[in-house]
Structure formats: structure tokens, C-alpha cells
Protein chains: 2
Amino acid sequence: MNAPTAHSHLAPQVLQRVVPPELLAALQARFGSQYSTALVVREQHGRDESVYEVPPPAAVVFAQNTQDVADAVKLAAAHRVPVIPFGVGSSLEGHLLAVQGGISIDVSRMNEVLAINAEDLTVTVQPGVTRKAVNEAVKSEGLFFPIDPGADASIGGMAATRASGTNAVRYGTMRENVLALEVVTASGEVIRTGTRAKKSSAGYDLTRLMVGSEGTLGVITEVTLKLYPLPEAISAATCSFPTIEAAVRTVIQVIQLGVPIARCELIDHNTVRMVNAHSKLGLREENMLLMEFHGSPASVKEQAETVQEIAADFGGQAFEWAVTPEERTRLWTARHNAYFAAIQSKPGCRAISTDTCVPISRLADCLLDSVTEADAAGLPYFLVGHVGDGNFHFGYLIDPTKPEEHTLAEELNHKLVARALSLEGTCTGEHGVGLHKMAFLLTEAGSGAVDMMRTIKRALDPDNIMNPGKIFSM
Amino acid sequence: MNAPTAHSHLAPQVLQRVVPPELLAALQARFGSQYSTALVVREQHGRDESVYEVPPPAAVVFAQNTQDVADAVKLAAAHRVPVIPFGVGSSLEGHLLAVQGGISIDVSRMNEVLAINAEDLTVTVQPGVTRKAVNEAVKSEGLFFPIDPGADASIGGMAATRASGTNAVRYGTMRENVLALEVVTASGEVIRTGTRAKKSSAGYDLTRLMVGSEGTLGVITEVTLKLYPLPEAISAATCSFPTIEAAVRTVIQVIQLGVPIARCELIDHNTVRMVNAHSKLGLREENMLLMEFHGSPASVKEQAETVQEIAADFGGQAFEWAVTPEERTRLWTARHNAYFAAIQSKPGCRAISTDTCVPISRLADCLLDSVTEADAAGLPYFLVGHVGDGNFHFGYLIDPTKPEEHTLAEELNHKLVARALSLEGTCTGEHGVGLHKMAFLLTEAGSGAVDMMRTIKRALDPDNIMNPGKIFSM
């Protein structure tokens, strides 16, 4: 077989549209110091955590408010030039790449917490506020925001990709936790979706249409989120298992029994080793569940006892408790940094992340065969998972100078996705489609459903300027 | 002022489109005994629980499977004739009325439970299965489906209106509890949205676009729902309060403390009287909260103690417990029948229901002023509410032969909606927009958002044949 050139079989379609000098001049005039065409700035806005390399956007606008976004979109729309919203750049799937050229709209300076309505358990923020900043802002009210992708992502980006994380097993994802949005449409109009009421039957659910639309239908300029009272009691524990299967069978039973566990994460023994090295932890280097229980002291005790009994049935070791808040924070920070720990374990590597999610009863079938395949392939990988949701990530660590490693990783990914789909699951639990999963989406949803998405996109963005080339081809 | 003619200011726009005899002949040929043009059948399919009266549909097709629905839609589409899905006819807002003529597609014979996946806590049903039938089917697995509008509505109808009910305060609404759908589009194509995985970031959230779209974007032909383990312990109690305000203040505090109460319903003293008369209960005829607690025995005890303390602070009486399952069922059946109890309290009357929902901190402001207004107006009413969600219903009982009563009821409704919107709430928590709330939706969402809904509708249903004339004007 001919060795493929680097990434050639995966290279996104690059059809750079013309960005006319009149547009750049108009943006410069309107935005002044909030505007840059410096190569270093453009390059920083033209890449993310994905493996793709495409030319950077032609310019970057640093929006400070909704009007800035609306004006930037209107100017771009007048020239039919793409606009790509940018938060902190932590996408794993190429969402931020200017595959058709255009302008990056950086919303990181839109970082105000606009309203904390503690008595209603809601907070309204600008899209550049990060998840950690939300939590910092609301903790004095005794509240927290649970959604936590590994990176300290922006709330706008998290809404756009329908993100979740370790707490989703109990608290849901961005799908369940965004109440209302302000959005700049493809014509530069500002609309509002939803209200602060907890539920509504008032017309089409535009909020949830925007959540997960990856910037292809509009730029999110304000987000109202649900908050939760900080639990009266929190306990975190690790538990080691003789095999991945034992850990997974424990999780399945915990979920099927309806235990309201707050976090339930799998880390395989290899990844524990990487995490120990990176975060200077002394975790037992075995396959492990990291768990957290939230509730009243009595409820937390009850949950923990139930899970301990189940774990023991599957050969789990005794729980090791993280007792103090500091210990818990250290443990979860280490978990969140697993991705970076893995990257550092193989200098110069990039990770190709998988993101399948299956019904909980199919978790063992989906996961164990994929471990066997990955081990047989011989490519180093990390394996972590929000297994309480049926969601897990392999991160195949490839040397970007070795196309055969990339090819091998994608072969493993394809097999895993095919398996997940055959088990009534999805190709992406939380990372989004971006560039990487367009073909998978078509297989998963079918051409009828993808055509419906396309029809909506075409109707709301007739010139295809909102983050074009992502989710599906037009 | 001139007395308005009956309903004149509310009469839906009736622009009957032509239903050509060729279409009727083709439907007759395709559907045979599953097809009817008998007046009594058409009239039964041309009304719901709303106050509107419009001519019935030209014909009714009784679909038995997805192919039937697809074929009926294709035939209607070829003649640009409207199709209106029909489940059990329990809409309160005119969703089922053939305001532009057309064909009713009755899915009540599509009443099979297709798959119970107990180990994944999911069930897949045809759209004509009712909520009670779902629960009957899954109870032997130790599972239940919590969403419970008052009527024994069809799951298809509940999905189409984004319904909720008494358990939503803990379990969410149809928005949170529909995992996947099969839908027949306006062209008669069959698509699938979502999977059985608990979460997904795979493209636009077509599932939630369809949920709440009131039949205007497609006909739902299959629904996959989340299920929940039957709680280990369930306790239900009533608690009487000296004033509505005392009851409402109790609820607000319960929710703000994060007590995971499963049901938290307000019934005002007048409505308790109606319910007692209708359901032969001996409830104390005072303003009352009906509550239910789900969980482990310890958790239920803890929740109940917390709520009892809060209630006592606001002058609530001691809890009266419904101990046996039979007592509980009797209590909740009586609550679900409150609407019918009220209707029977004024022979010949119709109810005009309100459905506002506000953030919990605004509940007292929204509710109490509206009670004062309703009392001052002198029109009899019932008042019940899913107050834990900030959602409540006045049902103004009007004599349909007295237009001045209708006018008065709508004036009260308008004032209430204006108040709810000013308090960052919604005009409809769970009933949907239908015909009744089109003007309210425009005020609530703004013309930009409603235009976006229209644009989507136009793109997915260019001939406007899917339940036209509902939610917004085209």
C-alpha cells in the first residue's frame, strides 16, 4: 500500500473564500485596536486541539459586547465572508479552523457575569466567561455550575458544542443546563431564545437548536445557565479494580440501580500512570473508578455504601477517600488534566480523541472490544471515561510526522464508532462533530436527518457564512 | 362599549383550503376501512378542550404504522392539503383544529410499546400509546415514566406540546425525557433523530426541535423515552395553609434549598372544594399543597422533615399523609381530575386555562396579584399549580353563551401573561401555543425569534401543510 501523505485522507476541504480588502478596511475602521491581522494573532485563532492544519483566518475581531459581534457579522455578511466564533480555543474537533477562510470573532473579552439570580438558581453570563470563572462568581452564594469539560472552556463554546464532563451523570449536559440565550444571527440581528422560567412550551426550542450548533447558525452572545446549591456533603473516592471489565460492570449496576452518583469516571491503569507522573499523585496504578457523591450527609453515606457493596462484588478494592476539599480538588484537577498528562507522556505527540457514547447496558460490549483492538494495534493511548453516562474517550497518541500512526489511530476510531452505532449509541457524546466526525454523523443520523440539518442551515444562513464547513458539507 | 360577538376577538383565522375530491378518493383507495368522512368522526377529530369552534377536517385517516402516516402525508402533500396529527384530543389550546381545513391523521391505533430496555432505563413506543399505558407496560420492570399532564394524553401529543405535569419539578419535562424520535416530514420522508445514548453532541438537536413543535414540522411516529426506577420509598402528604401566600412562600423556600421534592402542587381552597365534590374526597377545604417525596426511606424521611419545618414556619398545618399506594393513587387521580371537577362545578361551562411559568423567586409576585384580580372580576375559577416549577393554571369558568364572560376571562389572562413576562417568565409552561397564545408568543419571544421559527417552518414545510395556522401566522 502507498504511504499516505500526512493527514491527506483526513484533510478538511480547504476552499478559501476571498476576503476583500474593503472588508478588512471596514473592520479596521470599526474596531481599531480591537482588530488584528498580525500573523501570530491569526495563527493563534486558526488552530485548536485537533490535528488539522489549515491557513489561519484573515483577521481577528476582539468583541467586547453584543453590538461588536453584530457589527462584525453584518460587515462580513455584506461581503459573504465566513465568521468563526472563538472562545478559549479548546475544541478537539477542528471547530475553530478557518477551512473556508474568513474572520475570527474572539469573544474572550466578553467575560462579564451579568446577573446572578441566586434565589432562582440561575446565572447570566457573556460567552467568554469560562466554567471556572462562573464557579468563582457564584460560590459565595453557596451555588455551583456543574458542567466541566476537561479544559477551562468558555461558556459560549461549551453551549456551542453541547459540552458535558464529569458531573453530567447527575446534572446533565449543556442541553439540560442552558435556559436562555442571546444570539447574533447570520444577518447580524440580535435575538433572544428562552426565558429564566424553568420550563416552557412557547414555540420551537430555539435554545436547544443553538446549543450544539457549533457556531453554524449564529454567534452566542449571552447565556443563562442553571445553577445548583453546593451539596451539603460531598465525598470523593477512588476504587481500583482487577480488570477494566470489573470496573465497567460495577458502573453499569450502579446506574441501573438509580444511585444518584454525581461523578463516575473510569481511568485505565496506563492513564493512571500518566496522571501520576504529570500531577505528582500517588494513585494506585490500576484500572480505577473515580467517584463523587453529593447530597445530605445521610444520603451521601447511603450512596457510598451501596456503591461499595457493588464494587466489592466485582473485586474492587476498598475505597480510598479524598476527605478534604483540597484533596478532592487535587484529584479532579488531575482527572481534568489527564489529556495533557497523556500528551506529555509522548513528547511531540498529538492525541486523536474518540468520544462514543452508548446506552449503559452496552458499555462493556463497546469498551472492552475496543481496548482489545487498541492493545493489539500497539499505539500508545489514554483511556478515560464518563462511564456513568456510557461515554468514554480513547486518546490515541500519534507522532504527527508519522502518517501511518495517524492512519492507524483513525482505523481504530472508525471501528469504535461503527461498534458504538451498532449498539444504538452516538459517535460523539460531548466533543461535537466539527471537522472530524462529519462522515460519522452521516452514518449515525442518516441522510434524511442530515438533510434536515442542512435545510435549516441554508434557511437561517443562506450565504453559508456562519462557521462554514463544519458538522456537514453543504 | 359594543358587546363583542361570541369569541369574535379570538376566533382563529379560518381560511379553509380546498381538499380536492381526487385526494379523498386516493385516501379512500389507500386506506379503506382506516379512512372516514363520516361527520361524527370528523367532528370528534375537529375539536379539543379549547373553546374554539371551527369546521372539522375533511377526512380522518386512522394510521396503524409509520408507512400509513408517510403515505397519508405524501398524498396530502401532492395536493398541498393540511394534515393534523391527532392522539387523544386532550389539547387545551386548539392544536387539533382544522383552521385551514385538511386531513386529520389519527395515530391512536399506533399504540404498541415497541421496546422496553429496562437495563438502560428507556422505552420506545408508538405515538398513540398514552402515558398511563407506558406506566402499565413498564411497572413489572420496577420502572416508571413520570411525565403526567392531567389527561391520559398520548405520548406523541405530549412530545408535540412539550408537556410536563406534577413530577416535572424533579424529573423534568418532555424536553428532558425524550431521547429519540421517528418523524414523518412534510414530504412524507421518514427520519430518525437522536439515539438511545443518554447524551450526544452529534449535530443539530432535531429531537428537541420536534419536541414542542406542535405538529407543524412533522408527524411523530415513534418516541424513545427515559424511564426511572420506581423509588424505594414514596410518601405523599397534604398540608393546609392559612393563605395562598403562606403556601407559595413555603414552596419557594423548599425549591431554593434544593430539596429534591418529586411533586409540589398548589390547590386553592375553592378548587379543593370542587375536587372534594367530584372525587368524593374529604380534603380540608383550605389552600393546600400536595406533595410527594421519592427516594430511599432515609432520604424521603429527611426531605419530609425539612419541608415540614419550612411549612410550619409559614403557618402550615401538620402534614396529612397518604400512606398506602391506593390512597396516593386516589389523591393524585383527584388532582389530575381537578380540571374536570371544575368544569362540572358550573354546568355547561368551558374553562379558559392560563399556563404562565416564572422563575421561582417571582412566583408570589405573579400569583398573588392575579388571585386578587380574579377575585375582583367575580368570574368563578379554579387554581392549581405545579408551583415547584413556578407554573400554575387559573381556569376561568365561562358560560360559552355569554361573550362578556369570555372577554373578561381573556382580559384576566392577558394581565396575567403580561405580569409573567415582566417577571422574566413564559406565557406557557406546558400547554403549548396552539391558537390561543400566538399573540403572547410574539410578545414573549420577540419578532426576531418568531421570524426564525417561521423561517425554519418555511424551509421544512414549504407548502405549509403540517398543522398550519398554529404557533405563529405565516
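Residues numbered from 1 in each chain as written. Chains lettered and ligands numbered in written order. Predicted model: local features only at pLDDT ≥ 70, side-chain atom pairs only at ≥ 80, totals over all residues.

1. Quick notes on the overall build of chain A
The line we're drawing: Helix and strand assignments come from DSSP, with helices taken as H or I runs of at least 4 residues and strands as E runs of at least 2, each series counted from the N terminus. The atom set for the radius of gyration is the C-alpha atoms, and the globule formula is 2.2 Å times the number of residues raised to the power 0.38. Residue burial is a threshold on neighbouring C-beta atoms within 10 Å of the residue's own C-beta, all placed from the backbone, with 20 or more meaning buried, 12 or fewer meaning exposed, and counts in between meaning partly exposed. It is the C-beta atoms, placed from the backbone, that decide contacts: two residues are in contact if theirs lie within 7 Å.
A tally of helices and strands in chain A yields 16 helices and 18 strands. Since a compact globule built from 474 residues should have a radius of gyration of about 23 Å, the 22 Å found for chain A is in line with a globular shape. By its C-alpha atoms, chain A is 70 × 65 × 45 Å across when sized along the principal axes. The proportion of buried residues among the 474 residues of chain A is 58%. The long-range fraction of contacts in chain A, counting pairs at least 24 apart against all pairs at least 6 apart in sequence, stands at 72%.

2. Quick look at the interface of chain A and chain B
Definition in use: Classification convention: Asp, Glu, Lys, Arg as charged; Ala, Val, Leu, Ile, Met, Phe, Trp, Tyr, Cys, Pro as nonpolar; all other residues, Gly among them, as polar.
Each side of the interface is counted separately: chain A has 73 residues, and chain B has 73 residues. Contributions of two or more residues to the side of chain A that touches chain B are made by α7 (174-177), β9 (190-193), α8 (206-210), β11 (228-229), α11 (297-313) and α16 (438-460) of chain A. For the side of chain A that touches chain B, the leading source of residues is α16(A), giving 13 residues. Residues that form the side of chain A that touches chain B fall into these classes: 27 nonpolar, 28 polar and 18 charged.

3. So, the sheet that holds strand β9 (residues 190-193) of chain B
All names here are of chain B. Spelled out, the test is: Being paired, for any two strands, means DSSP has found at least two bridges between them. Note on definitions: angles span 0 to 180 degrees between N-to-C directions of axes, and those axes are lines fitted to C-alpha atoms, for helices only across the stretch in contact.
Read across the sheet, five strands follow the order β5-β6-β10-β8-β9 without closing on themselves; strand pairing throughout is antiparallel. Both outer strands of the open sheet, β5 (113-117) and β9, are each paired with one neighbouring strand and no more. In this sheet, neighbouring strand axes are inclined to one another by 10° on average, regardless of whether the strands run parallel or antiparallel. Bridge count between strand β6 (residues 122-125) and strand β10 (residues 219-226): four bridges; the pairing is antiparallel. Across the sheet, the residue bridging to V125 is V223, located in β10.

4. A look at the relation of the copies chain A and chain B
Applicable threshold: A least-squares superposition brings the copies together, and it is based on the C-alpha atoms of residues with pLDDT no lower than 70 in both.
Overlaying chain A with chain B gives an RMSD of 0.0 Å, the required rotation being 180° about an axis along which the chain moves by 0.0 Å. Such a combination of turn and shift is consistent with a two-fold rotation axis. When you check the interface residues of chain A against chain B, 100% turn up at the interface there too, and the contact is symmetric in its surfaces.

5. Examining the pairing of β10(B)
All names here are of chain B. Where burial is concerned, most of β10 is hidden: eight out of the eight residues are buried. Bridging between strand β8 (residues 178-184) and β10 involves six bridges; their strand directions are antiparallel. Bridged to E182 within β10 is E222.

6. A word on the packing of helix α9 (residues 244-256) of chain B against helix α11 (residues 297-313) of chain B
For any two helices packed against each other, the geometry is given by the interaxial angle and the distance between the axes. Residues and elements named next belong to chain B. Inclusion rule: What makes a crossing left-handed is the near helix being turned counterclockwise from the far one by less than a right angle; a clockwise turn instead makes it right-handed.
Relative to each other, α9 and α11 sit at 145°, their axes nearing to 9 Å. By crossing handedness, the relation of α9 to α11 is classed as right-handed. Counted together, T250, Q253 and V254 of α9 and V307, I310 and A311 of α11 form the full contact between these two elements. When the residues that make up the contact of α9 with α11 are grouped by side-chain class, the tally is four nonpolar, two polar and no charged.

7. A word on the nonpolar core
The criterion, for reference: For the purposes of this analysis, a nonpolar core is taken to be any set of buried Ala, Val, Leu, Ile, Met, Phe, Trp, Tyr and Cys residues that are connected through C-beta atoms within 7 Å.
One finds A72(A), I105(A), A72(B) and I105(B) to be the most contacted residues of the largest nonpolar core, which totals 299 residues. Once residues within four sequence positions are removed from consideration, I105(B) is found in contact with V61(B), A63(B), V69(B), A72(B), V83(B), I84(B), P85(B), F86(B) and V219(B).

8. Re the sheet that holds strand β2 (residues 59-62) of chain B
Residue and element names in this part refer to chain B. Pairing is mixed in the open sheet, where four strands are placed in the order β1-β2-β4-β3. Strand pairing shows two members of the sheet lacking a second neighbour, β1 (35-36) and β3 (83-86), which therefore form its edges. Bridge analysis of β1 against β2 gives two bridges, and the strand direction is antiparallel. Pairing of Y35 across the sheet is with V61, part of β2. Relative to β2, helix α1 (residues 21-31) is tilted by about 25°, and along the sheet it contacts β1 and β2.

9. Quick look at unusual backbone geometry
Here N467(A), not a glycine, exhibits a phi torsion of approximately 40°, which is positive. Counting through the fold element by element, N467(A) comes out in the segment after α16.

10. Let's talk about the confidence of the model for chain A
Residues and elements named next belong to chain A. Selection rule: Residue-level confidence of the predictor is summarised by pLDDT, bounded by 0 at the bottom and 100 at the top.
Overall, the predicted model of chain A reaches an average pLDDT of 94, with 97% of residues at or above 70. Taken together, the stretch residues 1-10 has pLDDT below 50 and engages in 10 contacts with residues farther than four places along the chain or on a different chain. Scored as a whole, the predicted complex attains pTM 0.96, and scored at its interfaces, ipTM 0.96.

11. Observations regarding the domain arrangement of chain A
All names here are of chain A. To be explicit about the condition: The domain limits used here are those given by an automatic or database domain assignment.
Here the domain parsing of chain A yields domain 1 (113-229) and domain 2 (233-422). Its C-alpha centre places domain 1 at a distance of 26 Å from the equivalent point of domain 2. Taken together, the contact pairs seven residues of domain 1 with 13 residues of domain 2. Looking at the side of domain 1 that touches domain 2 residue by residue, the class counts come to two nonpolar, four polar and one charged.

12. A word on the environment of L266(B)
Residue and element names in this part refer to chain B. Summarising the element assignment, L266 is placed in strand β13 (residues 263-267). Distance from L266 to V88, taken between C-alpha atoms, is 27 Å for residues 178 residues apart in sequence. Among residues more than four places away in sequence, those in contact with L266 are A247, V248, L289, V384, G385, V387 and F392.

13. Describing the environment of D463(B)
Secondary-structure assignment places D463(B) in the segment after α16 (438-460). Separated by 367 residues in the primary sequence, D463(B) and L96(B) place their C-alpha atoms 19 Å from one another.

14. Structural notes on the pairing of β9(B)
Residues and elements named next belong to chain B. Here β9 shows a buried face lined by I191 and T193 and an unburied face lined by V190 and R192. Summarising the sheet, β8 and β9 pair through four bridges and their orientation is antiparallel. The residue of β9 that forms the bridge with V183 is I191. The antiparallel pairing of β8 with β9 creates a hairpin that spans five residues between the two strands, and G188 there sits at a positive phi of about 85°.

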